[in-house]
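The primary structure of each chain is shown beneath.
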Amino acid sequence: MSGSAEHRCSKIEEVKMAAATMKGPVAVEDVVVTFEDQQKINKFARNTSRMGELKNEIESKKKTLQNLQDASDELMMLDDDSLLVPYQIGGVFIGHSQEETQEMLEAAKEALEQEVKGLEERVSEIQQVLGDLKVQLYAKFGNNINLEADES
């Protein structure tokens, strides 16, 4: 866990404990959910869902990146430079020299790495938003709300 993530987790725990001690044990029926609270809860749910989708997309792109790296490694091991190597462009395979194919693989890897980097930045932004919402919601609802992800 990164330093900021640990800080956020400890901050959330502090807010939970402070909310519990300030209000005492709050019965479920004592908590009034305002429209703004519901909006925050909905925003939290949407962002949690989006973050899961982005993480799945990152995982998929990393697998594709590994496949490109494996293809590049295999291409380097070929002995005959005169062979045309089939390279898929859309739904068609086109024969290219080993050098051209290697350049195309490198370009595809670089583009994919940039996409993964952009997705990871978006996940980081969403995590920041979720951390802020957790602090606000736990401050109001204490233990009456569960914002932790299921580990299933």
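- An unreviewed UniProt entry lists the chain under the name Prefoldin subunit 4, from Xiphophorus maculatus.
- Per UniProt, the comment on the chain under Subunit (unreviewed entry) is "Heterohexamer of two PFD-alpha type and four PFD-beta type subunits. Interacts with URI1; the interaction is phosphorylation-dependent and occurs in a growth-dependent manner."
- The UniProt entry for the chain carries this comment under Sequence similarities (unreviewed entry): "Belongs to the prefoldin subunit beta family."

## A closer look at the overall build of the chain
- From N to C terminus, the chain includes three helices and two strands.
- The helix and strand sequence of the chain, counted from the amino end, reads α-α-β-β-α.
- Out of the 152 residues belonging to the chain, those deemed buried represent 27%.
- Counting only contacts in the chain whose residues sit at least 6 apart along the sequence, the fraction spanning at least 24 positions is 69%.
- Taken as a whole, the chain presents about 10,400 Å² of accessible surface, with 54% of it coming from carbon and sulfur.

## Structural notes on a nonpolar patch on the surface
- Together, I89, V92 and I94 make up a nonpolar patch on the protein surface, roughly 230 Å² of accessible area in all.
- Topologically, V92 is positioned in strand β2 (residues 92-96).

## Considering the pattern of salt bridges
- Enumeration according to the criterion identifies seven salt bridges in this entry.
- With a closest N to O distance of 2.4 Å, K140 and D37 form a salt bridge. Separated by 103 residues along the polypeptide, K140 in helix α3 (residues 98-141) and D37 in helix α2 (residues 35-76) bring together distant segments of the chain.
- A relative accessible area of 29% means that K140 is categorised as partly exposed.
- What makes D37 buried here is its relative accessible area of 7%.
- The shortest N-O distance in the salt bridge between E53 and R50 comes to 3.2 Å. Residue E53 and its partner R50 are both found in helix α2; the two are separated by three residues, about one turn of the helix.
- When its relative accessible area of 28% is taken as the criterion, R50 is described as partly exposed.

## A word on the pairing of strand β1 (residues 85-89)
- The pairing of β1 with β2 spans five bridges and is classified as antiparallel. By the bridge assignment for β2, Y87 is matched with I94.
- From the end of β1 to the start of β2, which pair antiparallel, there are two residues, and G90 there has a positive phi angle of about 70°.

## Quick look at the side chain of D37
- A distance of 2.4 Å separates polar atoms of two side chains, one belonging to D37 and the other to K140.
- When residues no more than four places from it in sequence are discounted, the contact partners of D37 are V32, L137, K140 and F141.

## Description of the nonpolar core
- Core analysis: the largest hydrophobic core is formed by 16 residues, its most contacted members being I145 and L147.
- Breaking this core down by element, the ones donating at least two residues are α2 and α3.
- A per-element tally of this core places α3 first, with nine residues.
- Once residues lying within four places of it in the same chain are set aside, the contact partners of L147 are F44, K134, L137 and Y138.
- Listed in part, the seven residues of the second largest apolar core include L68, L75, V85 and Y87.

Conventions used here
- Residues numbered from 1 in each chain as written.
- Predicted model: local features only at pLDDT ≥ 70, side-chain atom pairs only at ≥ 80, totals over all residues.
- Heavy atoms only, no water.
- UniProt positions renumbered as here; feature names shortened; annotations may be inferred.
- Helix = DSSP H or I, 4+ residues; strand = E, 2+ residues; numbered from the N terminus.
- Buried < 20%, exposed > 50% of the residue type's maximum accessible area, 1.4 Å probe, protein only.
- Contact = heavy atoms within 4.5 Å.
- Areas by Shrake-Rupley, 256 points an atom, 1.4 Å probe, with all protein chains shown as cover.
- Patch = residues over 30% accessible without salt bridge, like charges linked within 9 Å, V, L, I, M, F, W, Y side chains within 5 Å.
- Salt bridge = Lys/Arg side-chain N within 4 Å of Asp/Glu carboxyl O.
- Pairing = 2+ DSSP bridges.
- Polar contact = N/O pair within 3.5 Å; in protein donor to acceptor, adjacent residues only side chain to side chain.
- Core = buried A, V, L, I, M, F, W, Y, C linked by side-chain atoms within 4.5 Å.

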